[in-house]
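Observations on the model geometry
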Amino acid sequence: MATLSALPLPTRPTGKKMTAKSTPGTFAHAIAMLLYQQDPMRTGCSGCDEMQDEYEHEAAEIAKRIQAGTETRQAIAEVFDFWFWEDCLRSSPDDSRIDALALVIEAIPPRP
């Protein structure tokens, strides 16, 4: 198992849905839109405009970790393992999901 980055994971919401809207033009927003389009957890959000915020929390945390120096693939794995289940992006025959996401996120130009 990979060593966890020094950044703490967020606290899970209790009782009510957390709402977060990333600011368009930011690195976190670009990641959120990528995750919405790719739908790595297969939630069905990519076909529904009302669900564009499906991966907002994950995107914000991934962006924060990458900007703090965590390797992209590790940041993705840590965040998805926290919000879903351990090895969730590696628990299917399609183990390349995490690598594909990392490649696309690394191609996003740096932003605030």
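This write-up is about the structure you can find in this document. If you're wondering where the values come from, they're calculated on a predicted model, not measured in any experiment.

1. Let's talk about unusual backbone geometry
Here arginine 42, not a glycine, exhibits a phi torsion of approximately 55 degrees, which is positive. For arginine 42, the location among the structural elements is in the loop between α1 (27-38) and α2 (56-67). At aspartate 87, a residue that is not glycine, the phi angle is positive and equals roughly 60 degrees. Within the secondary structure, aspartate 87 is located in the loop between α3 (72-83) and α4 (97-106).

2. What about the nonpolar core?
Among soluble globular proteins, nonpolar side chains are generally buried collectively. Ranked by internal contacts, the top residues of the largest apolar core, which has 30 residues, are Ile31, Leu35, Ile62, Ile76, Phe80, Leu89 and Ile105. Going through the elements one at a time, α1, α2, α3 and α4 are the ones with two or more residues in this core. Tallying contributions element by element places α1 first for this core, with 9 residues. In this view, isoleucine 76 contacts Ile62, Leu89, Ile98, Leu101, Ala102 and Ile105; residues no more than four positions away in its chain are not counted.

3. A closer look at the pattern of salt bridges
Applying the stated criterion to the full structure yields 4 salt bridges. The residue arginine 65 makes a salt bridge to glutamate 78 at a minimum N-O spacing of 2.7 Å. With arginine 65 in helix α2 and glutamate 78 in helix α3, the pair connects residues that are 13 residues apart, well separated along the chain. Here arginine 65 falls in the buried class, since its relative accessible area comes to 1%. The partner of arginine 73 in a salt bridge is aspartate 99, and the shortest N-O contact between them spans 2.5 Å.

Criteria and cut-off values
- Every chain begins its residue count from 1, and numbering advances along the sequence as written.
- Residue-level local features of this predicted model are given only where pLDDT is at least 70; pairs of side-chain atoms are given and counted only at 80 or more, and the full residue set underlies all totals for whole chains, interfaces and linings.
- Values reported for side chains reflect all heavy atoms of the structure, with hydrogen atoms and water molecules removed beforehand.
- In this description a helix means any DSSP run of H or I spanning at least four residues, a strand means any run of E spanning at least two, and both kinds are numbered starting from the N terminus.
- Buried Ala, Val, Leu, Ile, Met, Phe, Trp, Tyr and Cys residues that are joined via side-chain atoms within 4.5 Å together make up what is termed a nonpolar core.
- Relative accessibility decides the category of a residue: with a 1.4 Å probe and only protein chains considered, values under 20% of the type maximum give buried, values over 50% give exposed, and everything between is partly exposed.
- Two residues qualify as a contact provided that any one of their heavy atoms is within 4.5 Å of a heavy atom in the partner residue.
- What counts as a salt bridge is simple: a side-chain nitrogen of Lys or Arg found within 4 Å of a carboxyl oxygen of Asp or Glu.

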